[in-house]
Amino acid sequence: MEKPSEELSKFLEESISSFNVKKKKMSGVGIFANDNMLTGVFENDIFIRLSEKDRAKIMSEYDEVIPFEPLKGRIMKEYVVLPDHLYNDPENSRNC
């Protein structure tokens with residue numbers, strides 16, 4: 001298992017710095033609000049927790065969005081992995 005990307009961890013922390021959240025190191029980096037994990041970095045991926053409706057929508061719009069599976073066969077069904085073009089492109093970031 002790779003260590004979480006330092007670059008992505010810093011990017012994510014800066015992106016949500018205005019929110020009342022806590023960072024926790026686990027096998028990756030998790031960002032929590034009220035003890036609920038919202039997003040994080042696992043290896044070289046950013047994952048995010050979405051409602052069932054929002055997961056279905058983003059997965060239908062972007063083929064590269066996949067369920068978050070930190071261990072083979074262990075899908076965390078409420079989370080998806082975001083392809084980097086969704087958060088590296090300012091045009092896409094405004095639409096997400």
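What comes next is a walk through the structure.

Attention shifts here to the pattern of salt bridges. Using the criterion set out here, one finds four salt bridges in the structure. Residue Asp35 pairs with Lys24 through a salt bridge whose shortest N-O separation is 3.9 Å. Separated by 11 residues along the polypeptide, Asp35 in the loop between strand S2 (29-33) and strand S3 (36-42) and Lys24 in strand S1 (residues 22-25) bring together distant segments of the chain. The exposed category is assigned to Asp35, whose relative accessible area is 64%. Lys57 is the partner of Glu61 in a salt bridge, and the nearest nitrogen-oxygen pair spans 3.9 Å.

Positionally, Glu7 belongs in helix H1 (residues 6-15). For the pair Glu7 and Lys24, spaced 17 residues apart in sequence, the C-alpha to C-alpha distance is 16 Å.

Definitions and limits used
Residues numbered from 1 in each chain as written. Predicted model: local features only at pLDDT ≥ 70, side-chain atom pairs only at ≥ 80, totals over all residues. Heavy atoms only, no water. Salt bridge = Lys/Arg side-chain N within 4 Å of Asp/Glu carboxyl O. Helix = DSSP H or I, 4+ residues; strand = E, 2+ residues; numbered from the N terminus. Buried < 20%, exposed > 50% of the residue type's maximum accessible area, 1.4 Å probe, protein only.

This is a description of form; function is not addressed.
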